[in-house]
Amino acid sequence: INKTSTHRSEILGNVLFGDGATSAIVAAGEGGWQMSPMGMVTAPPHTRDHVTVKLTDQGYLLHLSKELAPTLVRVLKPAWRGMLEETLQISEPEECDWAVHPGGKAVLNVFHSPELGINLSRDDLAPSW
């Protein structure tokens, strides 16, 4: 974390993404818990500035664009059902429990969005809030 930063977006970015989280689906299997990497979802090249990192002598500065959440909807919309089918052999979001890495309120709200089509309730995402 850059200790000299006073910009809200940079501080929030470091707090939320400083753990280097990745995407995976975790499920109980025959031998206990199993983790399956999710299919790769690639954001369009014009979205490169939605999450930026600048290395400084005091640490790194991470900036999150307000366009991150709307882009997440556009990128995940055609892919989420296939990810569930491929990794868990299910097709409906109600058939599993959810924990979403919290990229802030706007990112969590993506999963409540009727536009995305997953339509999870706040209770469904309670572990993430």
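Rules used in this analysis
Residues numbered from 1 in each chain as written. Predicted model: local features only at pLDDT ≥ 70, side-chain atom pairs only at ≥ 80, totals over all residues. Heavy atoms only, no water. Buried < 20%, exposed > 50% of the residue type's maximum accessible area, 1.4 Å probe, protein only. Helix = DSSP H or I, 4+ residues; strand = E, 2+ residues; numbered from the N terminus. Contact = heavy atoms within 4.5 Å. Polar contact = N/O pair within 3.5 Å; in protein donor to acceptor, adjacent residues only side chain to side chain. Phe/Tyr/Trp six-rings, centres within 6.5 Å; stacked < 30°, edge-to-face > 60°. Salt bridge = Lys/Arg side-chain N within 4 Å of Asp/Glu carboxyl O. Core = buried A, V, L, I, M, F, W, Y, C linked by side-chain atoms within 4.5 Å.

Some points on helix α2 (residues 68–76)
Inference 1: Taken residue by residue, α2 has A69, T71, V73, V75 and L76 as its buried positions.
Inference 2: In this structure, the buried side of α2 is in contact with α3 (80–88) and α4 (105–110).

Quick notes on the environment of S65
Inference 1: Tracing the sequence through the fold places S65 in the loop between β4 (59–64) and α2.
Inference 2: Sequence-distant contacts of S65, that is, excluding residues within four places in its chain, are made with D49 and H50.
Inference 3: A polar contact of 2.9 Å, which involves the side chain of S65, links it to the backbone nitrogen of E67.

A word on the side chain of T71
Inference 1: Along the chain, the position of T71 falls in helix α2.
Inference 2: Within the structure, the side chain of T71 is placed 3.1 Å from the side chain of R74, a separation counted as a polar contact.
Inference 3: With residues up to four places along the chain from it excluded, the contact list for T71 reads T47 and H50.

Section: the environment of E95
Inference 1: Looking at where E95 falls in the secondary structure, it is placed in the loop between α3 and α4.
Inference 2: For E95, a relative accessible area of 47% gives the class partly exposed.
Inference 3: As a C-alpha pair, E95 and L84 span eleven residues in sequence and 9.6 Å in three-dimensional space.

Quick word on the packing of aromatic side chains
Inference 1: Going through the model one piece at a time under the given rule, you end up with one aromatic pair.
Inference 2: Pairing W98 with F111 gives two aromatic rings, centres 6.3 Å apart and planes at 50°, and the pair type is tilted. Separated by 13 residues along the polypeptide, W98 in the loop between α3 and α4 and F111 in the segment after α4 bring together distant segments of the chain.

Examining the pattern of salt bridges
Once their charged atoms are close, side chains differing in charge can pair, the charge on each being opposite to the other.
Inference 1: Within this structure, the stated rule accounts for one salt bridge.
Inference 2: E92 is paired through a salt bridge with R81; the nearest N and O atoms lie 3.2 Å apart. Placement of E92 in the loop between α3 and α4 and of R81 in helix α3 is noted, with a sequence separation of eleven residues between them.
Inference 3: Exposure remark for R81: the relative accessible area of 32% places this residue in the partly exposed category.

Some words on the side chain of H50
Inference 1: Structurally, H50 can be placed in the loop between β2 (32–37) and β3 (51–56).
Inference 2: Residues in contact with H50, not counting those within four places in the same chain, are H63, L64, S65, E67, L68 and T71.

Some words on the nonpolar core
Inference 1: Judged by nonpolar contacts, the single largest core of 16 residues is most densely connected at W98, F111, L116 and I118.
Inference 2: Listed by contribution, the elements that provide at least two residues to this core are α2, α3 and α4.
Inference 3: Per element, the largest residue contribution to this core is three residues, and it comes from α2.
Inference 4: Those residues in contact with I118 that sit more than four places away from it in its chain are W80, P93, E94, W98, F111 and S113.

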